[in-house]
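What follows is the residue order along each chain.
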Amino acid sequence: MTLTTPETVGETRGLPTLGPEATRLLRLLDDTFEGWGVAAGARPMTMPPLLPAADLARLDYYDNFPHQAVVAAPLDLERRATTPFDTTAGRFPSGALEPAALGLPSASCYAVYLTHRGTRVADDTLVTICSWCFRKETHYEGMRRQLGFRMREIVAMGGREHAENHLAEFTTRIQSFAKALDLPLTREAACDPFFDKGSSKAVLQRLTPVKHEFLYEDLAIASVNTHRNFFGERCDITLESTGGPAFTSCVAFGLERWLSALTRRHGSWEAATRAVLDVTRGASAGASGAAGPVI
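**Description of the overall build of the chain**
Counting secondary structure elements, the chain contains 10 helices and 12 strands. Residues classed as buried in the chain amount to 48% of the 295 residues present. In the chain, 71% of the contacts between residues at least 6 apart in sequence involve partners at least 24 apart. Carbon and sulfur atoms make up 53% of the accessible area of the chain, which amounts to about 14400 Å² in all.

**Considerations on the packing of aromatic side chains**
With the rule as written, the count across this model stands at 15 aromatic pairs. Arranged with centres 4.0 Å apart and planes meeting at 10 degrees, the rings of Phe-33 and Phe-253 form a pair that is stacked. Taken together, the residues span a long stretch of sequence, with Phe-33 in helix 1 (residues 20-39) and Phe-253 in strand 12 (residues 247-254) at a distance of 220 residues. Phe-33 sits in the buried class, given a relative accessible area of 0%. Among the aromatic residues, those joined into a cluster by ring pairs are Tyr-61, Tyr-62, Phe-65, Tyr-110, Tyr-113, Phe-230 and Phe-231. If you follow Arg-173 out to its NZ or CZ, it ends over the ring of Phe-170, 5.9 Å from the centre.

**So, the sheet that holds strand 7 (residues 148-158)**
Within the open sheet, the seven strands sit side by side as 1-6-7-12-10-9-8. Their pairing is mixed. With one partner strand each, in any of the chains shown, strand 1 (43-44) and strand 8 (186-189) form the two edges of the open sheet. Examined bridge by bridge, strand 6 (residues 124-134) and strand 7 share 11 bridges and lie antiparallel to one another. In the strand pairing of strand 7, Val-127 is matched with Val-155.

**Section: the environment of Val-121**
Looking at where Val-121 falls in the secondary structure, it is placed in strand 5 (residues 120-121). Setting aside anything within four residues of it in sequence, one finds Val-121 in contact with His-116, Met-157, Ile-237, Thr-238, Leu-239, Glu-240 and Ala-246.

**What to know about the state of the cysteines**
This model, assessed by the stated rule, comprises zero disulfides. Free of any disulfide, Cys-109 has its nearest neighbouring cysteine sulfur in Cys-250, separated by 4.1 Å. When its relative accessible area of 5% is taken as the criterion, Cys-109 is described as buried.

**Describing the nonpolar core**
Grouped together as the largest cluster of nonpolar side chains are 39 residues, with contacts concentrated most on Leu-29, Leu-181, Leu-183, Phe-253, Trp-258 and Leu-259. Listing elements by their share of this core, those giving two or more residues are helix 1, strand 7, helix 6 (160-180), strand 9 (211-216), strand 10 (219-228), strand 12, helix 9 (255-266) and helix 10 (269-287). Residue contributions to this core peak at seven residues, all from helix 1. Those residues in contact with Leu-259, other than ones at most four positions away along the chain, are Leu-18, Ala-22, Leu-25, Leu-26, Leu-29, Met-143 and Trp-269. Counting 30 residues, the second largest nonpolar core, distinct from the first, contains Met-47, Ala-107, Val-155 and Phe-230.

**Concerning helix 1**
The end-to-end C-alpha separation of helix 1 is 28 Å, in line with the 28 Å expected for 20 residues at 1.5 Å each. Those residues of helix 1 lying buried are Glu-21, Ala-22, Leu-25, Leu-26, Leu-28, Leu-29, Asp-30, Thr-32, Phe-33, Trp-36 and Gly-37. Gly-41 sits one or two residues past helix 1 and shows a positive phi near 110 degrees.

**Observations concerning the pattern of salt bridges**
Within the structure shown, the criterion is met by 13 salt bridges. Glu-137 is the salt-bridge partner of Arg-145, the closest N and O atoms lying 3.1 Å from each other. We classify Arg-145 as partly exposed; its relative accessible area is 29%.

**Details of the pairing of strand 12**
Here strand 12 lies mainly inside the structure; eight of its eight residues are buried. Here strand 12 shows no split at all, with Phe-247, Ser-249, Val-251 and Phe-253 on one side and Thr-248, Cys-250, Ala-252 and Gly-254 on the other all buried. With eight bridges connecting them, strand 7 and strand 12 associate as antiparallel partners. Counted as the bridge partner of Gly-158 is Phe-247 from strand 12. As defined by bridge partners, strand 10 adjoins strand 12 across six bridges and the pair is classed as antiparallel. Within strand 12, the position partnered with Ala-222 by the bridge is Phe-253.

Cut-off values and rules
Residues numbered from 1 in each chain as written. Predicted model: local features only at pLDDT ≥ 70, side-chain atom pairs only at ≥ 80, totals over all residues. Heavy atoms only, no water. Helix = DSSP H or I, 4+ residues; strand = E, 2+ residues; numbered from the N terminus. Buried < 20%, exposed > 50% of the residue type's maximum accessible area, 1.4 Å probe, protein only. Contact = heavy atoms within 4.5 Å. Areas by Shrake-Rupley, 256 points an atom, 1.4 Å probe, with all protein chains shown as cover. Phe/Tyr/Trp six-rings, centres within 6.5 Å; stacked < 30°, edge-to-face > 60°. Lys NZ or Arg CZ within 6 Å of the ring centre and 35° of its normal. Pairing = 2+ DSSP bridges. Disulfide = S-S within 2.5 Å. Core = buried A, V, L, I, M, F, W, Y, C linked by side-chain atoms within 4.5 Å. Expected span 1.5 Å × (residues − 1). Salt bridge = Lys/Arg side-chain N within 4 Å of Asp/Glu carboxyl O.

By themselves, these observations are geometric and do not establish any function.
Encoded structure:
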């Protein structure tokens, strides 16, 4: 069955189901973004979908993003007997749950920094991952705003220059890719409260933005983010060359949001998929010496 409208997918409380056409396009986009990372020297890794809430708390996650936070807890088998599932509300009462010791992260890169905790890294380290992410929102809307979604990230850890160059290179790549897709994007500074509001890093963030988003219409579909040495210090990630804390940065792609933007722009799954295939095949041809854009 062919979908005739851009976002005709099943949805339940911010958890849409993607049909075959949408799934094909999502995989095509993710393969493309992962390929960019691998070509740059990134090591593909697979991260867990849940992280210890204590680890996220040490990164100030629940102080800086309490409005997005989602946590998970197992059932308390003893109290469940006297606090059963509420069929009217469609949920377990809090009294039926054990304490919530697991967090569902809102971005893929947190797991990368926690995985590399206490390690030394080369000055030019790159990692690429695609993970499920979760954000509590005031409302949900198709593939534009979801409770659960997939995020491809390419993460840099190492020297300051490496982290900065990573963002500059991928900013150019994102803009070139969007232009080839006839997908007009605007680049805007974001004001996420990433660092503790009273810290010196927060003051510096207000003077020099640490995050820039790429928007199609009013929808952010990608971002480039610098964390300076915040994660290097908090996670004790040090440089092999100097022993000092690593600098980190990441490039993030919200895959479902790319689906939304492309189908809105091109009008159908088929047209959006054809546009991506044309660009990626042209890029492959250009890289091999034939005519075509190099993305």
